[in-house]
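# Descriptive structure summary
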Amino acid sequence: MAAISLVGLTKRYGGVEAVRDVSLEVAEGEFFGLLGPNGAGKTTTLSILATLLPPTAGRAFLAGHDVVREQAAVRRSLGMVFQDRSLDDYLTAEENLRFSGMLYGVGSRELSRRSAELLQLLELWEHRHRLVRTFSGGMKRRLEIARGLLHRPQVLFLDEPTLGLDPQTRALIWSYLEKVRRKEGITVLMTTHYMEEAEACDRVAIIDHGRIVALDTPERLKRTMGGDVVVVHTAEPAAARNFLAEQGIAARVEAGQLYCEVPDGEAFIPLLFRQGFPIQAVGIRRPTLEDVFLKLTGHAIREEELEGRDIFRERMRVHRGR
């Protein structure tokens, strides 16, 4: 049985189609990533799976439970780390866990045992009596992960788990997530727009404008590029692109640089120097997931016209019937 199953999932907010006919399965124990820009439909998909939003069409199952018809069972099976901070800053770390455990109906003895286990696992035990408002951003995120695991869920959702954190803290959070994954052995579904995070997933679904445009392991997705990426710094990128098009080589211009996807970068470079446009520098690298995203969607992962906060406003407007 799949841990998560989506069949033709669609969600509309008025005239906005945030999720479009999404179908996929996540296996038990898998670390699965939804990769895409803000406004792509990642958080909306998670919200439907978490029973926070009803789908407009299609069906969704979590741990074998229908998210519309079996909401209580879904919520018992699910732990969630939200994109926005949701801890009580005026409670201690231990008090935050105790309050959350009571809401989930965790017995007092199990709650004490489980809280201690998770605080030690995430290296917060020595800080358990401190007010959360004194915590750093990384410590708060670790506590939110502990809270999401408190009731022993089968599936953990991570919605942009390192958003707003500096690179060093992001790397630290990832080391803790790997530790948690090994210890707990649960299914993880994560949304992200950070390429290095998506690289760590077992499989990745690239989502854009509410549609799944590709789904595979990170390595297989990168293999679809078919070779090397050559980056050309030139004062005349448009002329260079036209020249390469005449040679049957596809290239794109982004931020004033020319990007070419070729089978053999080293063999390709001499061709560049046998033409008339000026070249300032040339680099060769292996394809990344961002290259795959660019190839499939025609744009980079960036802030879209419909940002996450605008979707939230639209969702609230539709929910209130305004």
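Summary of the structure given here. This structure is a prediction, so every number in the text was calculated from the model and none was measured.

We now examine the sheet that holds strand β4 (residues 57-62). Strands sit in the order β2-β1-β4-β5 across an open sheet of four strands; the sheet is antiparallel. Bordering the open sheet on either side are β2 (16-26) and β5 (65-66), each of which pairs with just one other strand. Direction of pairing for strand β1 (residues 4-13) relative to β4: antiparallel, over a ladder of five bridges. Bridging from a neighbouring strand, Ser-5 pairs with Phe-61 of β4.

In this section: the pairing of strand β11 (residues 228-233). Side-chain positions along a regular strand alternate between the two faces of the sheet. Taken across its six residues, β11 has five buried, putting it largely inside the fold. The sheet contact formed by β11 and strand β13 (residues 257-262) spans six bridges and is antiparallel. Each residue of the ladder has a partner; that of Val-231, found in β13, is Tyr-259. Relative to strand β14 (residues 281-285), β11 is paired through five bridges, and the arrangement is antiparallel. Within β14, the position partnered with Val-229 by the bridge is Arg-285.

As enumerated under the stated definition, the model contains one aromatic pair in all. When the centroid spacing of 5.5 Å and the interplanar angle of 25° are considered together, the rings of Phe-31 and Trp-174 count as stacked. With a gap of 143 residues between them, Phe-31 in strand β3 (residues 31-35) and Trp-174 in helix α6 (residues 167-184) connect regions that are remote in the sequence. Here Phe-31 matches Trp-174 in class, with each residue buried.

What follows is about the pattern of salt bridges. Following the criterion strictly, the structure yields 24 salt bridges and no others. When the shortest N-O distance is used, the salt bridge between Glu-123 and Lys-179 registers 3.3 Å. Of this pair, Glu-123 sits in the loop between α4 (108-121) and α5 (137-149) while Lys-179 sits in helix α6; the two residues are 56 residues apart in sequence, bridging distant segments of the chain. For Glu-123, a relative accessible area of 46% corresponds to the partly exposed category. Of the charged contacts, one joins Lys-222 and Glu-219 as a salt bridge, the two residues approaching to 3.7 Å between their closest N and O atoms. Here Lys-222 pairs with Glu-219, and both are found in helix α8 (residues 218-223), just three residues apart, close to one helical turn. Owing to a relative accessible area of 15%, Lys-222 belongs among the buried residues under this scheme. Ionic contacts of the salt-bridge type, sharing partners, join the residues Glu-110, Arg-113, Arg-114, Glu-117, Arg-152, Lys-183 and Glu-184 into one network.

Thresholds applied
Residue positions are given per chain, counting from 1 as you read along its sequence in written order. Per-residue local features of the predicted model are confined to residues with pLDDT of at least 70, and side-chain atom pairs are confined, for both listing and counting, to 80 or more; whole-chain, interface and lining totals are unaffected and use all residues. Note that water and hydrogens are dropped before the side-chain values are worked out from all heavy atoms of the structure. Strand pairing is assigned whenever DSSP detects at least two bridges linking the two strands. A run of H or I in DSSP becomes a helix once it reaches four residues, and a run of E becomes a strand once it reaches two; helices and strands are each numbered from the N terminus. When accessible area is computed with a 1.4 Å probe and restricted to protein chains, residues below 20% of their type maximum are described as buried, those above 50% as exposed, and intermediate ones as partly exposed. Stacked, tilted and edge-to-face pairs are distinguished by plane angle, under 30 degrees for stacked and over 60 for edge-to-face with tilted covering the rest, among Phe, Tyr and Trp rings (Trp via its six-membered ring) whose centres lie within 6.5 Å. We define a salt bridge as a contact between a side-chain nitrogen of Lys or Arg and a carboxyl oxygen of Asp or Glu at a distance within 4 Å.

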